[in-house]
Amino acid sequence: MCGRFTLNQPVEALAKVFDVRELPDLAAEYNIAPTQKVASVLQNPESKKREFQQLHWGLIPSWAKDPGIGAKTINARAETVAEKPAFRSAFKNRRCLVLADGFYEWQRQQGKKQPFYFRLQDGQPFAFAGLWERWHSPDNEEIISCTILTTAANELLQPIHERMPVILDPQDYDLWLDSQVQTPETLQQLLRPYPAQAMTAYAVSTLVNNSRHNSPECIMPISGG
């Protein structure tokens, strides 16, 4: 599962890492939660260039009658995404990068949920494998939404949680974004656990348990963590 993450990198760094020319000013985010807007990169189907887009986190299938379904579709399991009705069309045709520089998972300790923060060893931003969808209400309101794919946890996460978000290798970004690539077997090869040795983790304050807390304190290590 991936239910909270962060993105607090300079816009210039994000533009360089993800090869996007135009990026708006982005406020530092230390506690991004479902239903919020998330920074994403899509490929323009005509120009084939990457474009920035802010998407509603919680995928709303085009056929949904109620946008509330998005609260239940913040994640898609890599193992079944090609078959699930809510995700299979987007998996085939509408894939995106969801930009991040860290994420949280929780471990139950003595009846309490202790949050841990995970990031890359080098502190660089990275991309979750995402899917996006366009939904229209009966009165033509449009919501462009997304989900984050998850896979089995690597060795670093296993003591904390059995699942982890799919972090894509940068060399796979073009393939993931290319809507002309639609073979499930080809895409599934990209949806693997990220190497544990390239990541680090530490315990953080329970401040992050409340999504209203959005400050650098959320990612500060706690004593003994």
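So, how was this worked out
Residues numbered from 1 in each chain as written. Predicted model: local features only at pLDDT ≥ 70, side-chain atom pairs only at ≥ 80, totals over all residues. Heavy atoms only, no water. Core = buried A, V, L, I, M, F, W, Y, C linked by side-chain atoms within 4.5 Å. Buried < 20%, exposed > 50% of the residue type's maximum accessible area, 1.4 Å probe, protein only. Helix = DSSP H or I, 4+ residues; strand = E, 2+ residues; numbered from the N terminus. Arc of directions from axis to C-beta. Contact = heavy atoms within 4.5 Å. 1 Å grid on protein atoms, 1.4 Å probe; cavity = no way out; pocket = protein on both sides within 12 Å on 5 of 7 lines; lining within 4 Å. Points joined across faces, edges and corners; volume = space filled by probe spheres on them. Nonpolar A, V, L, I, M, F, W, Y, C, P; charged D, E, K, R; others polar. Salt bridge = Lys/Arg side-chain N within 4 Å of Asp/Glu carboxyl O. Pairing = 2+ DSSP bridges. Axes fitted to C-alpha atoms, helices over the stretch in contact; angles between N-to-C directions. Phe/Tyr/Trp six-rings, centres within 6.5 Å; stacked < 30°, edge-to-face > 60°. Lys NZ or Arg CZ within 6 Å of the ring centre and 35° of its normal.

Caption draft 1: A look at the nonpolar core. If you look at the biggest cluster of nonpolar residues, it comprises 62 residues, and the most contacted ones within it are Phe-5, Leu-97, Phe-128 and Trp-176. Sort the elements by how many residues they give to this core and strand E9 (residues 126-136) lands first, with 6 residues. Of all hydrophobic cores here, the second largest spans 9 residues; its members include Tyr-30, Tyr-117, Val-204 and Val-208.

Caption draft 2: Structural context of helix H1 (residues 11-18). Buried within H1 are the following residues: Val-11, Leu-14, Ala-15 and Phe-18. On an axial view of H1, the arc spanned by its buried residues comes to 100°, and they lie on one face. Opposite its buried face, H1 presents the exposed residues Glu-12 and Lys-16, each directed more than 90 degrees away. Summarising the contacts, the buried residues of H1 are in contact with strand E1 (5-7), strand E3 (37-43), strand E4 (50-57), strand E6 (95-100), E9 and helix H3 (173-177). Just downstream of H1 lies Asp-19, where phi reads positive at about 55°.

Caption draft 3: Layout of the layout of surface pockets. In this structure, the largest pocket spans a volume of roughly 240 Å³. In terms of lining, the largest pocket is formed by 15 residues, of which the most central are Leu-42, Gln-43, Asn-44, Pro-45 and Trp-132. Looking at the lining of the largest pocket, the elements that each hand over two or more residues are E3, E4 and E9. In terms of residue class, the lining of the largest pocket is built from 6 nonpolar, 5 polar and 4 charged.

Caption draft 4: Fine view of the pattern of salt bridges. With the rule as written, the count across this model stands at 5 salt bridges. Two residues, Arg-50 and Asp-174, come together in a salt bridge whose shortest N-O distance is 2.7 Å. Within this pair, whereas Arg-50 is found in strand E4, its partner Asp-174 is found in helix H3, the two being separated by 124 residues in sequence. Arg-163 serves as the salt-bridge partner of Glu-79, at 2.9 Å between the closest nitrogen and oxygen. With Glu-79 in the loop between strand E5 (75-77) and helix H2 (88-93) and Arg-163 in strand E11 (residues 163-165), this pair connects stretches of sequence that are 84 residues apart. The class of Glu-79 is partly exposed, set by a relative accessible area of 41%. You can call Arg-163 buried: its relative accessible area is 7%.

Caption draft 5: Region of interest: the sheet that holds strand E12 (residues 199-203). Ordered in space as E2-E1-E7-E8-E12, the 5 strands form an open sheet in which the pairing is antiparallel. Pairing within the sheet leaves two strands with one partner each, and these edge strands are strand E2 (29-32) and E12. Neighbouring strand axes in the sheet, compared pairwise and without regard to direction, differ in orientation by 30° on average. Strand direction decides the pairing type here: E1 and strand E7 (residues 102-109), joined by 2 bridges, are antiparallel. Across the sheet, Thr-6 pairs through a bridge with Gly-102, a residue of E7.

Caption draft 6: Structural context of the packing of aromatic side chains. Evaluated as defined, the whole model comprises 10 aromatic pairs. Taking 6.3 Å as the distance between ring centres and 40° as the angle between the ring planes, the aromatic pair formed by Tyr-104 and Trp-106 counts as tilted. Of the two residues, Tyr-104 and Trp-106, both sit in the buried class. In textbook terms, an aromatic cluster arises when at least three aromatic residues are bridged by ring pairs, as seen for Phe-5, Trp-57, Phe-103, Phe-118, Phe-126 and Phe-128. Taking NZ or CZ as reference, Arg-95 lies 5.5 Å from the ring centre of Trp-176, over its face.

Keep in mind that these numbers describe shape and distance, not what the molecule does.
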